[in-house]
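Summary of the model geometry
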Amino acid sequence: MALTTISFLGQSKTQSTQLADLRATLNDLQRQLATQKKTENFAGFGVDAGRVQSLRTDLNEIDAYSTNIDRAILRTKVMSETLTEVTNIANQIIDGFRLLQSGADGVDADFLRNLASNNLQYLGDLLNTEIQGSYLFSGNDIGNAPFTNEATLNANIQAEYTTWLAGGQSPAQLLANADAFTGADLGYAGTLGASGDVIAKVDDSIEINYTLKADNPGLQEIVRGLALAANLQFPNPAVDIATEAEFDQIFAGIISTLEGGITALESDHNILVSKNALMSDIKARQENERNTLQSMLDDLENVDTAEIIVRLQSLETQMTASYETTNLVNQLTLVNFL
């Protein structure tokens, strides 16, 4: 009888251990089905743990680059649209000047001044374009507006006209003096000249410098040309020494200045557009790479739902049979053997 009792005890313990193992497996399969993941920690991947970590690191890097690219693409897109509008303004002034110049009644200086003055104010707003508090044409000094002193610009231009009207300088000298204006003379912020580049790191070995500051040579020419137009003075023969012929020289110089600014700006604008396109191409390539890496990671991390369901069904059958067996064993007594 003692031997029979020990045998039943051992069998019962073995059965309990098997049931506990089955329950643990069931819990794990249920977790996998709920989370779609094979394991809860890196150790659970065994020899594949290193690959999983490496893939996740690569995906995080691509996501970081994607964020940089998205930000840079948005900024360069808005910058491009702004430069297009700046060019439109300059062309509008040129067209207006030429139209009035060819008119039978001569030049209406007051009309030209008002047209140019309004557009100069608008140009200042464009140069100070910002996104979420970051000025786009300030280089890396994104917290400070690049164009801040239109009043200073107008005062400097007016002083040149006053000297010319009084016979103190020729039209060529007036235009040369205006051309020699510093950034501060043209109304730019004092911090703009020292501001650095704006660079986006878009891949492991690729950095895109998309800096285009408000004091870009082409933009300076357009600012200068609009300011000259906005303060244009027609000489009064009764009080001024300057002549109408000299006025025509300045008139032509303003058009030339604006045209030169447009030409210079278009070249830099095209470069900016090409950088935007390059970043879009890099982003598309990275998205393809990300999809590939994610697929590889999913193969390592994710479960096959159909397989898990089949295993659960099989396990449930095993557990049912084990419980029934255990129940029968527990019902056995010495009477069964008599």
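Preceding this section is the structure that the text describes.
Residues numbered from 1 in each chain as written. Predicted model: local features only at pLDDT ≥ 70, side-chain atom pairs only at ≥ 80, totals over all residues. Heavy atoms only, no water.

**Examining the packing of aromatic side chains**
If you walk through the whole model with that rule in mind, you get five aromatic pairs. With a centroid separation of 6.3 Å and an interplanar angle of 65 degrees, the aromatic rings of Tyr161 and Trp164 are classed as edge-to-face. Note that Tyr161 and Trp164 are positioned in helix α4 (residues 150–165) at a spacing of three residues, about one turn of the helix. Overall, the relative accessible area of 1% leaves Tyr161 in the buried class. Under the relative-accessibility criterion, Trp164 is labelled buried at 1%. Taken together, the ring pairs connect Phe97, Phe234, Phe247 and Phe251 into an aromatic cluster. (Phe/Tyr/Trp six-rings, centres within 6.5 Å; stacked < 30°, edge-to-face > 60°. Helix = DSSP H or I, 4+ residues; strand = E, 2+ residues; numbered from the N terminus. Buried < 20%, exposed > 50% of the residue type's maximum accessible area, 1.4 Å probe, protein only.)

**Observations concerning the nonpolar core**
Soluble globular proteins tend to pack their nonpolar side chains together in the buried interior. Counting 63 residues, the largest nonpolar core has Phe97, Tyr161, Tyr188, Ile222, Leu232 and Ile254 as its most contacted members. If you list the elements that add at least two residues to this core, you get α2 (49–101), α3 (109–127), α4, α5 (171–179), β3 (199–203), α6 (217–230) and α7 (244–301). In contact with Ile222, other than residues within four places in its own chain, are Val86, Ala90, Leu123, Leu258, Gly261, Ile262 and Leu265. (Core = buried A, V, L, I, M, F, W, Y, C linked by side-chain atoms within 4.5 Å. Contact = heavy atoms within 4.5 Å.)

**Structural notes on α5**
If you check which residues of α5 are buried, you get Pro171, Leu174 and Ala178. Down the axis of α5, the smallest arc covering the buried residues is 60 degrees, so these residues share one side. (Arc of directions from axis to C-beta.)

**Structural notes on the side chain of Thr87**
Looking at the element boundaries, Thr87 is found in helix α2. With residues near it in sequence (within four places) discarded, Thr87 still touches Ile262, Leu265 and Glu266.

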